[in-house]
Amino acid sequence: MSFSNHDIIIVGAGFFGATIAERVANELGKRVLLIDRRHHIGGNAYSENDRETGIEVHKYGAHLFHTPNRVVWDYLNRFTQFTDYRHRVFSAHKGQVYAMPINLGTICQFFGRHFSPDEARALVAEQAAELNGREPQNLEEKAISLIGRPLYEAFIRGYTAKQWQTDPRELPESIITRLPVRYTFDNRYFNDPYEGLPVDGYTAIFERMLGNPLIETRLGTDYFDVKAQIPEGVPVVYTGPIDRYFDYRAGELKWRTVDFAQEVLSVGDFQGTAVMNYADEDVPYTRILEFRHFNPERNYQSEKTVIVKEFSRFATRADEPYYPIDTVEDKRTYLAYKTLAEQEKGVIFGGRLGTYRYLDMHQAIAAALKSFESEVRPALT
Ligand code: FAD
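All of these numbers come straight from a predicted model, not from anything done at the bench.

The strand order β7-β6-β12-β13-β14-β11-β15 describes an open sheet built from 7 strands, whose pairing is mixed. Here the strands that pair on one side only, and so sit at the sheet edges, are β7 (96-100) and β15 (323-324). Sheet topology places strand β11 (residues 255-265) next to strand β14 (residues 305-314); 10 bridges connect them, and they run antiparallel. Bridge pairing in β14 links Arg256 to Phe314. On top of the sheet, helix α3 (residues 104-111) reaches β6 (89-93) and β7; it is set at about 155° to β7, its chief contact. Along the sheet, helix α6 (residues 149-164) contacts β6, β7, β11, β12 (275-278), β13 (287-290) and β14; its crossing angle with β14, the most-contacted strand, is approximately 75°.

In structure tokens form, the structure reads like this:
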């Protein structure tokens, strides 16, 4: 396997790596080697059609594209069209179903009467005053200080306990800074001006981004198995875990992971919507995704449906790292790696794993476009 015919090596075929690869080939006309240890392109945004039903399934959890960033929106529209999908989330609690995030509709339904926006605001403010000005000491108190106890106990407590596998009274208050409450009946999940799902799936975006013959993609290839064969002087863009790159010498960065239990059910429609949260603690999963509802325009003819139950837990080194935990100790550890990364000649660190940050897809693309201009272009020209 040759590593000598390329101007740049990119580790990771997710949105960060693919954006850099596309720019280097199409804008600079340089040769790219893109490697990924997985057997597919797309990173965590990868999707595939379920064999039995033909329904598109996001393999690493629901991926909803939304952005306030016109530059990213225009960039991605070169590789795909988007559907009109507008994301909505519901939450099941004690045998009822409510719209999330908490909005005026949720409040009227939950408290069983018609509130005007000002009446609802006054009610939530009164319930949130329970701490009497005292500083919140943990996540539970912080949440109560934001939305009051009744809404917290119904919609936040059980869900958070399952997400973190920890009682919210033992979680630091710093995990949440705000809990959005909308005092209108608008139940759209995102506020961004640009939103939609790719008409022919996420993987097709990556196939088009990586379509230039100047890009060679090698899958099933771990960077650390081939690192020694990469010629000196060839720049590397690394989007894998930063602590792994430095052999965990400053300690391990902590993540949460999600276990996905996928089932094909013999019903045309299981839950009538794409995402149903389960707020109560006696249900072990946090939410159920039903993929046919992400693409209603495809009018899937299957009599069956694909659902995924999500179970959240702390990740071990063997698990897929999904959400940075980002405690004070993690922040310190990351800073130590960041300093090491700055001293590492010829390697550009990027993406969510390379910078230990939760990034939405649009943020990963924006960061890659920035890195292309400020770091990659100067290294190659
Ligand atoms: P990734 O997509 O993780 O790509 C990194 C790639 O590097 C991986 O393919 C990995 O295999 C590869 N790699 C790592 N180490 C090595 C190595 N040693 N050698 C070779 N290859 C290696 N964003 C949204 O905008 N909307 C959503 O609804 C949304 N939902 C999400 C749900 C979940 C459960 C998760 C975890 C993320 C979600 N995201 C969502 C975020 C989105 O997945 C990220 O923004 C995006 O994946 C970031 O792209 P990336 O290229 O930085 O990382």
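Past the structure itself, the notes keep going.
What the domain assignment reports for the protein chain is domain 1 (8-41 + 210-251 + 325-380), domain 2 (53-88 + 255-324) and domain 3 (95-175). Using only C-alpha atoms to locate each centre, domain 1 and domain 3 end up separated by 39 Å.

Glancing now at α3. Among the residues of α3, those classed as buried are Leu104, Thr106, Ile107 and Cys108. Those residues of α3 that are buried are in contact with β7, α4 (117-128) and α6. N-cap assignment for α3: the residue whose side-chain oxygen lies 2.7 Å from the backbone N of Gly105 is Asn103. Just beyond α3, the residue with positive phi is Gly112, at close to 70°.

Now for the sheet that holds strand β1 (residues 8-11). The 5 strands lie next to each other as β9-β2-β1-β10-β16, forming an open sheet whose pairing is parallel. In this open sheet, the two strands that pair with only one neighbour each are β9 (215-218) and β16 (347-349). Averaged over all neighbouring strand pairs, the angle between strand axes comes to 20°, with direction disregarded. As paired elements, β1 and strand β10 (residues 236-238) share 3 bridges and run parallel to each other. Its bridge partner being in β10, Ile10 is matched across the sheet by Val237. Across the sheet, helix α12 (residues 361-380) lies against β1, β10 and β16, angled at about 170° from β16, the strand it touches most.

The subject of this paragraph is the site of the ligand. Taken together, 30 residues sit near the ligand, with Asp36, His63, Leu64, Leu359 and Met361 positioned nearest. Measuring from a nitrogen atom of the ligand, one finds a backbone N or O atom of Tyr223 at 3.0 Å. When residues of the shell around the ligand are traced back to their parent elements, those giving at least two are α1 (15-28), α8 (223-226), α11 (351-354) and α12. Taken together, the residues of the shell around the ligand break down into 15 nonpolar, 9 polar and 6 charged. Two domains each provide a minimum of three residues to the shell around the ligand, namely domain 1 (8-41 + 210-251 + 325-380) and domain 2 (53-88 + 255-324).

On to the environment of Leu340, then. Mapped onto the elements, Leu340 comes out in helix α10 (residues 328-343). As a C-alpha pair, Leu340 and Asp269 span 71 residues in sequence and 51 Å in three-dimensional space. Leu340 has contacts with Phe246 and Arg249, leaving out every residue within four places of it along the chain.

With that settled, consider the UniProt feature "domain: UDP-galactopyranose mutase C-terminal" (unreviewed entry) in the protein chain. According to UniProt, the feature "domain: UDP-galactopyranose mutase C-terminal" (unreviewed entry) maps to residues 154-358 in the numbering used here. Taken end to end, residues 154-358 is 23% helix and 21% strand, and its two terminal C-alpha atoms sit 27 Å from one another.

Another point: the pairing of strand β2 (residues 32-35). The side-chain alternation of β2 yields two buried faces, one formed by Val32 and Leu34 and the other by Leu33 and Ile35. Pairing between β1 and β2: 4 bridges, direction parallel. Across the sheet, the residue bridging to Val11 is Ile35, located in β2. For the crossover from β1 across α1 to β2, the handedness is right-handed. With 4 bridges connecting them, β2 and β9 associate as parallel partners. The residue bridging Leu34 from the neighbouring strand is Thr217, located in β9.

Turning next to the pattern of salt bridges. Enumeration over the complete set of coordinates arrives at 31 salt bridges. Measuring nitrogen to oxygen at the nearest pair gives 3.5 Å for the salt bridge that ties Lys338 to Glu342. Separated by 4 residues within a single helix, Lys338 and Glu342 lie in helix α10, roughly one turn from each other.

This part covers the packing of aromatic side chains. What the rule picks out here adds up to 31 aromatic pairs. An aromatic cluster of at least three residues, connected via ring pairs, comprises Tyr223, Phe224, Tyr238, Tyr245, Phe246, Tyr337 and Phe349. In this arrangement the basic side chain of Arg38 is found over the ring face of Tyr60, its NZ or CZ atom lying 4.1 Å from the centre.

Attention shifts here to the nonpolar core. Ranked by size, the top nonpolar core spans 106 residues in total, and within it Phe15, Ile20, Phe65, Ile107, Phe294 and Val376 carry the most contacts. Other than its neighbours up to four places away in sequence, Phe294 contacts His58, Ala62, Leu64, Tyr85, His87, Leu197, Ala274 and Val275. Counting residues in each nonpolar core, the second largest holds 8 residues, with Ala92, Tyr278, Tyr285 and Ile288 among its members.

Pairing of β11 with β15 involves 2 bridges; the strand directions are antiparallel. The residue bridging Trp255 from the neighbouring strand is Pro324, located in β15.

Moving on: the side chain of Thr53. Counting through the fold element by element, Thr53 comes out in the loop between β3 (47-49) and β4 (56-58). Separated by 2.7 Å, the side chains of Thr53 and Asp50 make a polar contact. Of note is the side chain of Thr53, whose polar atom sits 3.2 Å from the backbone nitrogen of Ile55. Thr53 has contacts with Val264, Ser302, Lys304 and Val306, leaving out every residue within four places of it along the chain.

Each value, and the rule that gives it
Residues numbered from 1 in each chain as written. Predicted model: local features only at pLDDT ≥ 70, side-chain atom pairs only at ≥ 80, totals over all residues. Heavy atoms only, no water. Pairing = 2+ DSSP bridges. Helix = DSSP H or I, 4+ residues; strand = E, 2+ residues; numbered from the N terminus. Contact = heavy atoms within 4.5 Å. Axes fitted to C-alpha atoms, helices over the stretch in contact; angles between N-to-C directions. Domains from an automatic or database assignment. Buried < 20%, exposed > 50% of the residue type's maximum accessible area, 1.4 Å probe, protein only. Polar contact = N/O pair within 3.5 Å; in protein donor to acceptor, adjacent residues only side chain to side chain. Near = heavy atom within 4 Å. Nonpolar A, V, L, I, M, F, W, Y, C, P; charged D, E, K, R; others polar. UniProt positions renumbered as here; feature names shortened; annotations may be inferred. Right-handed = clockwise from strand over helix to strand, strands pointing away. Salt bridge = Lys/Arg side-chain N within 4 Å of Asp/Glu carboxyl O. Phe/Tyr/Trp six-rings, centres within 6.5 Å; stacked < 30°, edge-to-face > 60°. Lys NZ or Arg CZ within 6 Å of the ring centre and 35° of its normal. Core = buried A, V, L, I, M, F, W, Y, C linked by side-chain atoms within 4.5 Å.

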